[in-house]
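If you want the building blocks of each chain, they are given just below.
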Amino acid sequence: MNTASTHAAEHHGEYHPGGLRRWLTTTNHKDIGTMYLTFSLIMFFVGGLMILAVRAELFQPGLQLMKPEFFNQLIGVHALVMIFAALMPAATGFANWMIPLMIGAPDMALPRLNNWGFWLLPPAAILLTLPFTLALFGIGDGAIATGWTFYAPLSVQGGMGVDFAILAVHILGISSIMGSINIIVTIFNMRAPGMTMMKLPLFAWGWLITAFLLIATLPVLAGAVTMLLTDRHFGTHFFDAAGGGDPILFQHLFWFFGHPEVYILLLPVWGLMPHVLATFSRKPTYGYTAQVYSFIAIGILSVVVWAHHFFTAGMPVPALIYFMFSTMAISLPLAVLFFCWIATMWKGAMTFETPMLFAVGFIVLFGIAGLTGLILADVAADAQYHHSYFVVAHFHYALFAGGIMGVMTGVYYWLPKWTGHMYNETLGKLHFWLTVVSFNLTFIPQFFLGLAGMPRRIPDYALQFAEFNAISTVGAFILGLSQLLFAWNIWSCIRGGPKVENRVWEGADGLEWELSSPPPHHSWDTQPQVK
Amino acid sequence: MVIVPRDSSASRHNRRPTLLRRAACLAPAVFPVAAGAGYSFNFPEPVTPIARETLHIHNEFMLIITTLFVVVFAIMIYSMIRHRKSIGHQPSKFSGPTGALQWFWALIPFAILLFIDFVLMGIPAVQAIINMEDTKTKADLVLKVTGMQWKWQYEYPEAGVKFISTLATPRDQIANAETKGEHYLLEVDKPVVLPVGKKVRVLLTSTDVIHTWWVPQFGVKRDAIPGFLRETWVLIEKPGIYRGQCAELCGKDHGFMPVVVHAVPEPEYLAWLEAQKAEARAAAGGADRSWSRDELMAEGKAVYEKVCAACHQPDGKGLPPAFPALAGSQIVNGPLLDMNGKAVKDSHVDRVMHGKAGTAMQAFATSLSDVELAAVITYERNSFGNQKGDMIQPAQIKSLR
Amino acid sequence: MQTAQPAFSAADLARRRSASRRLAWLLAAIVLAIYLVGLFIKR
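Along each chain, residue indices are assigned from 1 in the same order as the chain's sequence is written. Each chain is given a letter, starting from A, and each ligand a number, starting from 1, according to the order in which they appear as written. A pLDDT threshold of at least 70 governs which residues receive local features in this predicted model, and a stricter bar of 80 or more applies before side-chain atom pairs are shown or counted, although totals over entire chains, interfaces and linings include all residues. For side-chain calculations, the full set of non-hydrogen atoms in the structure is used, while hydrogens and water are omitted.

Undergrad: How should the overall build of chain A be read in this particular structure?
TA: A tally of helices and strands in chain A yields 17 helices and one strand. Two things to know: the radius of gyration comes from C-alpha atoms, and the globule rule equals 2.2 Å times the number of residues to the power 0.38. Against the compact-globule benchmark of 24 Å for 531 residues, chain A has a radius of gyration of 23 Å, which places it among compact chains. Projected onto the principal axes, the alpha-carbon positions of chain A cover approximately 70 × 50 × 45 Å. Note on contacts: a residue pair is in contact if any heavy atoms of the two residues lie within 4.5 Å. Nonlocal contacts in chain A, meaning residues at least 24 apart in sequence, comprise 81% of its contacts between residues at least 6 apart. In this text, helices come from DSSP runs of H or I with a minimum length of four residues, and strands from runs of E with a minimum of two, each type numbered from the N-terminal end.

Undergrad: Is there a simple way to explain the interface of chain A and chain B in this structure?
TA: How big an interface is tends to be expressed through the accessible area that disappears when the partners come together. Each partner contributes to the interface: chain A provides 108 residues, whereas chain B provides 106 residues. In short, buried area is how much 1.4 Å probe accessible area vanishes from two parts on joining, totalled over both. Across the chain A/chain B interface, buried area totals approximately 9,100 Å², and carbon plus sulfur atoms make up 72% of it. Taken as a group, A:Gln384, A:Leu463 and A:Glu467 account for 8% of the area that chain A buries against chain B, more than any other trio of residues on that side. Think of a salt bridge as a Lys or Arg side-chain nitrogen and an Asp or Glu carboxyl oxygen that are within 4 Å of each other. On the surface where chain A and chain B come into contact, there are one salt bridge. Linking A:Glu506 and B:Lys85 is a salt bridge whose minimum nitrogen-to-oxygen distance equals 3.0 Å. Polar contact is defined as a pair of N or O atoms within 3.5 Å, subject to the rule that within protein one atom must be able to donate a hydrogen and the other to accept it, and that residues adjacent in sequence are counted only when both atoms are side-chain atoms. Counting every contact that joins chain A to chain B gives 25 residue pairs in polar contact (both at pLDDT 80 or more). Each residue is assigned to one class: nonpolar for Ala, Val, Leu, Ile, Met, Phe, Trp, Tyr, Cys and Pro, charged for Asp, Glu, Lys and Arg, and polar for all the others, Gly among them. When its residues are assigned to classes, the side of chain A that touches chain B shows 68 nonpolar, 27 polar and 13 charged.

Undergrad: Would you explain the interface of chain A and chain C in this entry?
TA: On the chain C side, the residues contacting the 37 residues of chain A number 24 residues. Summed over both sides, the interface of chain A with chain C buries roughly 2,500 Å², with 65% coming from carbon and sulfur. It is A:Asn189, A:Gln527 and A:Gln529 in chain A that bury the most area against chain C; as a group they hold 22% of the surface buried on that side. Linking chain A to chain C there are five residue pairs in polar contact (both at pLDDT 80 or more). Where the side of chain A that touches chain C is concerned, the elements lending two or more residues are helix H7 (160-189), helix H8 (202-233), helix H9 (247-281) and strand E1 (526-527) of chain A. If one sorts the elements of the side of chain A that touches chain C by residue count, H8(A) sits on top with eight residues. For the side of chain A that touches chain C, the per-class residue count stands at 24 nonpolar, nine polar and four charged.

Undergrad: Help me understand the pattern of salt bridges in this model?
TA: Pairing is possible between side chains that carry opposite charge, provided their charged atoms lie close to one another. Inspection of the entire model under this criterion finds 24 salt bridges over all chains. For B:Lys136, the salt bridge identified is with B:Glu231, shortest N-O distance 3.6 Å. Taken together, the positions of B:Lys136 in the loop between helix H3 (99-133) and strand E1 (141-148) and B:Glu231 in strand E8 (residues 230-235) put the pair 95 residues apart, joining distant regions of the chain. Buried, partly exposed and exposed residues are distinguished by accessible area as a fraction of the type maximum, computed with a 1.4 Å probe on protein chains only: under 20%, between the cut-offs, and over 50%, respectively. When its relative accessible area of 55% is taken as the criterion, B:Lys136 is described as exposed. Salt bridges linked by common partners bring A:Arg282, A:Glu506 and B:Lys85 together as one network.

Undergrad: Looking at this model, I keep getting lost on unusual backbone geometry. Mind explaining?
TA: For residues besides glycine, phi is generally negative; the peptide bonds are generally trans as well. Following A:Ser517, the chain continues to A:Pro518 via a peptide bond in cis, the omega torsion being 0°. With an omega of 5°, the peptide bond running from B:Gln149 to B:Trp150 counts as cis. At A:Arg282, a position not held by glycine, the phi torsion is positive, near 60°. Within the element layout of this structure, A:Arg282 appears in the loop between H9 and helix H10 (288-302). A:Arg282 sits in the buried class, given a relative accessible area of 18%. Positive phi, close to 70°, is recorded for B:Gln313, a residue that is not glycine. Along the chain, B:Gln313 turns up in the loop between helix H6 (293-312) and helix H7 (348-354).

Undergrad: What is the right way to read the sheet that holds strand E9 (residues 240-246) of chain B from this model?
TA: Residue and element names in this part refer to chain B. By this definition, two strands are paired if DSSP reports at least two bridges between them. Spatially, the five strands line up as an open sheet ordered E4-E10-E9-E6-E7, and their pairing is mixed. In this open sheet, the two edge strands, each paired with only one partner strand, are strand E4 (192-195) and strand E7 (220-224). Taking each pair of neighbouring strands and ignoring which way they run, the sheet shows an average axis angle of 25°. Orientation is described by lines fitted to C-alpha atoms, with helices fitted over the stretch in contact, and by angles between N-to-C directions that extend from 0 to 180 degrees.

Undergrad: What is the right way to look at helix H3 (residues 68-103) of chain A in this model?
TA: For an α-helix, the turn length of 3.6 residues means that residues three or four places apart are oriented alike. Residue and element names in this part refer to chain A. By this rule the span expected of a helix is its residue count minus one, scaled by 1.5 Å. Taking 1.5 Å per residue as the helical rise, H3 with its 36 residues ought to reach 52 Å, and the 51 Å between its terminal C-alpha atoms agrees with that figure. Here the bend at each residue means the angle between axes fitted to two seven-residue stretches, the one ending at that residue and the one beginning there. Residue methionine 82 marks the point of greatest curvature in H3, where the axis turns by about 30°. Across the 36 residues that make up H3, a large majority, 34, are buried. In the stretch just after H3, glycine 104 is the one whose phi turns positive, near 75°.

Undergrad: Sorry if this is basic, but what is going on with the environment of A:Trp341 here?
TA: Residues and elements named next belong to chain A. With respect to the helices and strands, the residue tryptophan 341 is situated in helix H12 (residues 331-345). Note on tryptophan 341: relative accessible area 0%, which makes it buried. Measuring from C-alpha to C-alpha, the distance between tryptophan 341 and isoleucine 363 comes to 8.2 Å, with 22 residues separating the pair along the chain. If we ignore the near neighbours within four places in the chain, the residues touching tryptophan 341 are Trp270, Met273, Pro274, Leu277, Gln291, Phe362 and Ile363.

Undergrad: Quick question: what am I supposed to make of the packing of helix H2 (residues 49-82) of chain B against H3(B) here?
TA: All names here are of chain B. Contact pair H2 / H3: the axes reach a minimum separation of 10 Å and the direction vectors enclose 170°. Relative to H3, the element H2 is oriented roughly antiparallel. In this structure, H2 contributes Ile50, Glu53, Ile57, Glu60, Phe61, Ile64, Ile65 and Leu68 to the contact, and H3 contributes Leu113, Ile116, Leu120, Met121, Pro124, Ala125, Gln127, Ala128, Asn131 and Met132. Its residues assigned to classes, the contact of H2 with H3 shows 14 nonpolar, two polar and two charged. Each angle is binned into one of four classes, with values under 35 degrees roughly parallel, values over 145 roughly antiparallel, values of 65 to 115 roughly perpendicular, and all other values oblique.

Undergrad: Please explain the nonpolar core as it appears in this structure.
TA: The term nonpolar core refers to a set of buried residues drawn from Ala, Val, Leu, Ile, Met, Phe, Trp, Tyr and Cys, joined through side-chain atoms within 4.5 Å. Membership of the largest hydrophobic core comes to 282 residues, with the highest contact counts inside it found for A:Phe150, A:Trp270, A:Trp414, B:Tyr156, B:Leu194 and B:Trp213. The biggest single contributor to this core is H3(A), with 24 residues. Looking at which domains feed residues into this core, each of domain 2 (49-84 + 99-133) and domain 3 (141-175 + 184-285) of chain B supplies at least three. By size, the runner-up hydrophobic cluster in this structure holds 29 residues, among which are B:Met297, B:Leu337, B:Ile377 and B:Ile397. What fixes the domain bounds is an automatic or database domain assignment.

Undergrad: Is there a simple way to explain the packing of aromatic side chains in this structure?
TA: How two aromatic rings sit relative to each other is given by the distance of their centres and the angle of their planes. Working definition: a ring pair exists when centres of Phe, Tyr or Trp rings (six-membered ring for Trp) sit within 6.5 Å. Plane angles under 30 degrees give stacked, over 60 give edge-to-face, the rest tilted. Applying the stated rule across the entire model yields 67 aromatic pairs over all chains. Centre to centre, the rings of A:Phe70 and A:Phe132 are 5.8 Å apart; their planes meet at 70°, and the pair counts as edge-to-face. Here A:Phe132 lies in helix H5 (residues 121-136) and A:Phe70 lies in helix H3, a separation of 62 residues in the sequence. For a ring to carry a charge above it, either NZ of a lysine or CZ of an arginine must fall within 6 Å of the ring centroid while also lying within 35 degrees of the normal to the ring plane. In this structure, B:Arg289 packs its charged tip against the face of B:Trp291, placed 4.2 Å from the ring centre.

Taken by themselves, the reported measurements are silent on function.
Okay, structure coming up:
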């Protein structure tokens, strides 16, 4: 990564370590952003390998490759890794790289906190995956096997893998909270003069809401897993009916965090989309104000819909009706976003480089996620969908087609700015098409499996589910292998490639495109003029 | 039975045809599937009013969201074709609605969605929910379902009938050592029997962790939560055999605890119930007589294999640390009862009858009879290399309750 | 036309930094409060 300063003389006397020391001690938002993104890419492959093992087992009926206990570990750790170690760090990497550049700030408001926030991640990732290794040596019986949702009392019963996961979640949570505090403070306090809140780029708005959601809900998750820890080891009975507690309390606390979490994963992407669409349509962003208010509305609504994750647990009819309607209400601000995205494209002069391909793919496939989410909200029909493969397909459309493909959009869009080189466009397009086709091949059959009655989190299944499972597995392997193209493209682009201008893309607009590609070590040495 | 699947995916997708075609070619060799099964695109046939209502709602909603999808993305694709730089289209400069007409176009979709959500979808949904939750009106009988790791216990409280229903698929089929049967993983030793045409109030609970009772053709899915009672209801309209599964991750054999319900005309149901009551009386009577060592060992072996082997393994070696070994176990080789004939805390009898809190070892006193408990305890103490030589009578177990 | 001005003046930067520190501690306190409340919630 070449961020070497072009003003060498001005840096006389400053401390610029090289090698490992540089990365361990850096407080530069660009370096830290790079570390978040690198960590995320590695963990994406780790989580991906886990689920390929799962899909290999599910290729045919019968148990061929692993015991059910191990299967249960793989599915839970896959989810924890993808959510906490791949998606969230990627979004945080984007925030670190781009927010200061976009708002004309010299760096994040709290640069040292920024460094700590990142360096908590590698130990947390090790904690999550260590139990697998320990089990190989006969210590403990493996990683957490309750699914990423940790439901009590199963999680109270579980072995030491649960304790490792609890600790990892605490550390990951603290890291996210540190990052969120930094982002809020930076956006409020470090904008260049003239950058009013209603001139703030939508990516920053998306992250602002995300950061508030994280601060409001992560502590509740931390509380829930702390209570789980004390139920497990210190004689409390929060989730044990025999002791006066209630297992469903855990579900309330977990999903109070868990539902906003999915919007935490998506809001940064929703903030990024208008930038990409406006750039490649060569038109101004449509409905800036509407999108800002939609972000805020979605953020607020996301906190009051959590029980739709456990309609079948049994709750009073008024509660069922309330949660159904409040959940459906989220479709309204979301529809505003879709409208504004398409209206941004409408009557533009579009070209379809890789970032735009991913953006359009995101809109279509995330649309499927949103629409299937709407029917899942229906309590009556949910009796059939809940905890079946229909839900698995729905949330993969939301989190892969929405979250991960959104991240890929951002990577292709900003990689030339970060590195100063253009990536390989042919390879990018190939990656896009392979990803989209194989993704659908993997998950469309899963909708039908759910409708046919296949529950989730089972290592083996009845014979009528065999065909769709086989197709899904084939799709998954193609999907996994295609991501190697992505990694290769990124790696080559870092090493070299055709040089790019400050304004990498013809239609790009914003302060970040006034800086060189790559930007200088000190991003904004001179104050930008905000239009 | 080895049948070729109907549809080869290779023809539908022209990406990487070699890989897909190869996979499809493997299919006949590898899928022992009954012909005709496999490509279903909707819920299975509904046999209760709830299931029919749910299917109707689902179909309606699928139509609505498919229409929304097609309309919205037709507009977007149109734009992608016509508003391209390469055909010379000049970009406009608008960034919001200008003028009344544009405001109309912007707000109309919002209004339509509002209507769809809260009227078109919402109102039928509310009706359905109220029907679904109405468990008590005109219920004809009660079925109590208890989830356990990893089996279901069914109870007909009014008749005093209680039994456990376990997966009947042989482990060899799961391990791919035998061809899989038609109802692989969806067959049990003792199915639930219910009368057709009667409203059954289903009460659910669990002895250990959360399980979920789900029979797709009934349209019913309800959590079984330890320490709490949940309810739902079914009114089966058509005789038949209906199969479902546990739908909440509950440990290692979550995928291996199916639900099988035989719905039969009422006279047949009543006859079956009588037979069950007679069996229960016989089993209870068994506790009053003295059992020989051989009788206890034989019965104990059967109980062990059905109830205990899943965790403690057929050879008694267990899967430590979660499932301790019984072979050479301190507890199994410890005292049976104290001097007064009472159970010693944390002893073998105590453990089997009352379980161990905070672990998967549940209290089998609620699900096994006196005979079964006495037999399995005797069996364990004299198998797997254990040679305690003692035994315990059903009557002694009965006195400990 | 953009006239280059020096980056945030030293005084300005100092003000922004101390404001940032204050806000950061406030947010951290809110986080801690939510955590403690969560531990005491009963259904």
